[in-house]
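Take a look at the letters that make up each chain.
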Amino acid sequence: MDPRRAETGKNSDQIQSGHVYHLALDIGGSLAKLVYFTKNDEHIVGSEKKKSPVKASGISNSSRNSPVLNGRLNFKKFETSKINDCLEFINSMKLHLGGCQQPESPGSQTITIKATGGGAYKYADLFKEKFGISLDKEDEMDCLVAGANFLLETIHQEAFTYMGNQKQFVWIDKNDLYPYLLVNIGSGVGMIKVEGDGKFERVSGTSIGGGTFWGLGKLLTKCKSFDELLDLSYRGNNRAVDMLVGDIYGGMDYSKIGLSSTTIASSFGRAISENKERDDYKPEDIARSLLRMISNNIGQISYLTALRFGLKRIFFGGFFIRRHPFTMDTLSVAVNFWSKGEAKAMFLQHEGFLGAVGAFMSSDKHGLKELLANQKVERPPSKLSFSLDQTQVPQQDGELNGDESIECSVYGA
Ligand SMILES: Nc1ncnc2c1ncn2[C@@H]1O[C@H](COP(=O)(O)OP(=O)(O)OP(=O)(O)O)[C@@H](O)[C@H]1O
Ligand SMILES: CC(C)(CO)[C@@H](O)C(=O)NCCC(=O)O
């Protein structure tokens, strides 16, 4: 079902009973992310299968019960600075009606929505004022790890490597996932050693992250949007701005220490020796150099952190990446170069939604008890599990925006 159908003039009661939404939020320093569930029109009740519009692929019918509910898991993001657009979207879709009633006060009408990130604190009053709902705050690190673990364990083609223009999906063995380093590149960067479900430690971080790229890029190129800055970086050449080893060594490599003439010796260093103003440089070259500088730096710190804890696998998440080939390539090359091929950089299809997915999963029984509360379930399942349809994950390599929806099914046990 296209979730936008809810905008077509139905009143909120009809929408609530007809489609049942479940919403979770991750409101960060730069972006507010939403994950919400929309039920398919023709859902399945109890163990009686009425008509399934969705193939519950990846799970054979003989090995699992029929799904009790089919639907879509939807992903959407807004700039945090335009939080009102986010509120407007929630309102137009009536998503706030998909929260849960406070268990301790079932009689009360207070609806709570799971929320994580700093904005869960910063904007709590705004949500209360606008919708009368409470944000049920979940810790950001808990959610990032829960989201990453869930996606890596559940979605068939979630993880991939990217180097030299080659994207390769990585098969994840659930029994051999841990330990790994999760590097979340949001406004700032968090590095988390993950050893199991709920077993993790934030071991490092750096303030030179996505916010730095966007903020400095805005100041240096005068571009108006993040997408414009990314676009510029596609077209630029960092050699116009960076000082290379060859610039210092008269065009030669410094092979004794393993540096080729084309290695960047000093990011933005060319600007010191040229009698030029900022406007004499092409914005696209500046954008390219900036993206490379920040990606290299994060790649190097990630490698050092992985080395410190003997971790061989590094998963990169966060919306700084935006599945940008150049960013992924730079991070991969940095990890590969510094670790001499020992450590591996991997990326996630749902890179920027780890925290929001974690918040979604943190609801009681994955939020599915509430989800089913409005259903006429003849035999409510005692145990629920949530499964994303493995073959339906869109391969949006051309679409770098990140907003999407994927088929999923809820199973009883
Ligand atoms: N449309 C966009 N607008 C603004 N920034 C974007 C956009 N798309 C990607 N980005 C990049 O993603 C970064 C934010 O990533 P993400 O949403 O993962 O972090 P966050 O939750 O906002 O930050 P933090 O976790 O540090 O609070 C931005 O700083 C920017 O570099
Ligand atoms: C402050 C948070 C956790 C907010 O998401 C993030 O922006 C971050 O990890 N910044 C880096 C801070 C540091 O470790 O230096």
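- The chain appears in an unreviewed UniProt entry as pantothenate kinase from Arachis duranensis.
- The heading Pathway (unreviewed entry) in the UniProt record of the chain holds the text "Cofactor biosynthesis; coenzyme A biosynthesis; CoA from (R)-pantothenate: step 1/5."

## Examining the state of the cysteines
What is meant by a disulfide is a covalent connection between two cysteines, made through their sulfur atoms.
Logical step 1: For the coordinates displayed, the defined rule picks out 0 disulfides.
Logical step 2: Summary of cysteine pairing: C86 is not part of a disulfide, and the nearest cysteine sulfur, belonging to C143, is at 16 Å.

## Side note on the site of ligand 2
Logical step 1: Neighbouring ligand 2 are E140, M141, G188, V189, R202, G205, T206 and S207.
Logical step 2: Within the side chain of E140, an N or O atom sits 2.5 Å from an oxygen atom of ligand 2.
Logical step 3: A distance of 2.7 Å separates an oxygen atom of ligand 2 from a polar side-chain atom of R202.
Logical step 4: Listing elements by their share of the shell around ligand 2, those giving two or more residues are α5 (140-154) and β11 (199-206).
Logical step 5: Examining the composition of the shell around ligand 2, we find that 3 residues originate from one element, β11, more than from any other.
Logical step 6: By residue class, the composition of the shell around ligand 2 is 2 nonpolar, 4 polar and 2 charged.

## Quick look at the side chain of N184
Logical step 1: In this fold, N184 is placed in strand β9 (residues 180-185).
Logical step 2: Setting aside residues no more than four positions away along its own chain, N184 makes contact with L144, V189, G190, G317, G318, E351 and L354.

## Things to note about the sheet that holds strand β15 (residues 344-348)
Logical step 1: Ordered by their spatial adjacency, 7 strands build an open sheet running β8-β7-β15-β14-β9-β10-β11, and the pairing between neighbours is mixed. With one partner strand each, in any of the chains shown, β8 (166-169) and β11 form the two edges of the open sheet. Direction aside, neighbouring strands of the sheet carry axes that sit 30° apart on average.
Logical step 2: The pairing of β9 with strand β14 (residues 313-317) spans 4 bridges and is parallel. Residue L181 lies in a different strand from β14, and its bridge partner there is I314.

## Some remarks on the site of ligand 1
Logical step 1: Taken together, 19 residues sit near ligand 1, with G29, S30, K33, S187 and R322 positioned nearest.
Logical step 2: Between ligand 1 and G211 there is a distance of 3.2 Å, counted from an oxygen atom to a backbone nitrogen or oxygen.
Logical step 3: A distance of 2.6 Å separates a nitrogen atom of ligand 1 from a polar atom in the side chain of R322.
Logical step 4: Notes on ligand 1: free accessible area 650 Å², of which the protein chains cover 90%.

## Remarks on the environment of K344
Logical step 1: Within the secondary structure, K344 is located in strand β15.
Logical step 2: By relative accessible area, K344 is classed as partly exposed at 43%.
Logical step 3: For the pair formed by K344 and R235, sequence separation is 109 residues and the distance between their alpha carbons is 27 Å.
Logical step 4: Residues contacting K344, with those up to four places away along its chain left out, are T161, K312, R313, I314 and V335.

The rules behind each value
- Each residue is numbered by its place in its chain's sequence as written, counting from 1.
- A letter from A marks each chain and a number from 1 marks each ligand, given out in the order of writing.
- Only residues with pLDDT of at least 70 are given local features in this predicted model, and only at 80 or more are side-chain atom pairs given and counted; all residues enter the totals for whole chains, interfaces and linings.
- Hydrogens and water are ignored here; the side-chain numbers use all heavy atoms of the structure.
- UniProt positions are given in the numbering used here, feature names are shortened, and annotations may be inferred rather than shown by experiment.
- We call a pair of cysteine sulfur atoms a disulfide whenever their separation is within 2.5 Å.
- Any residue with a non-hydrogen atom lying within 4 Å of a molecule or strand is treated as near it.
- Polar contact criterion, stated in full: a pair of N or O atoms within 3.5 Å, where within protein one must be able to donate a hydrogen and the other to accept it, and residues adjacent in sequence count only if both atoms are side-chain atoms.
- Strands here are runs of E lasting at least two residues and helices are runs of H or I lasting at least four, both read from the DSSP assignment and numbered beginning at the N terminus.
- Only Asp, Glu, Lys and Arg are considered charged in this grouping, and only Ala, Val, Leu, Ile, Met, Phe, Trp, Tyr, Cys and Pro are considered nonpolar; every other residue, Gly among them, is considered polar.
- The contact definition used throughout considers only heavy atoms, calling two residues in contact when any of these lie within 4.5 Å.
- At least two bridges found by DSSP between two strands are what make those strands a pair.
- Axis definition: a line fitted to C-alpha atoms, limited for helices to the stretch in contact. Angles are taken between N-to-C directions and run from 0 to 180 degrees.
- For the area figures, the Shrake-Rupley method with a 1.4 Å probe applies, and any residue is considered shielded solely by the protein chains shown.
- Relative accessibility under 20% of the residue-type maximum defines a buried residue, over 50% an exposed one, and the middle range a partly exposed one, all with a 1.4 Å probe and only protein chains included.

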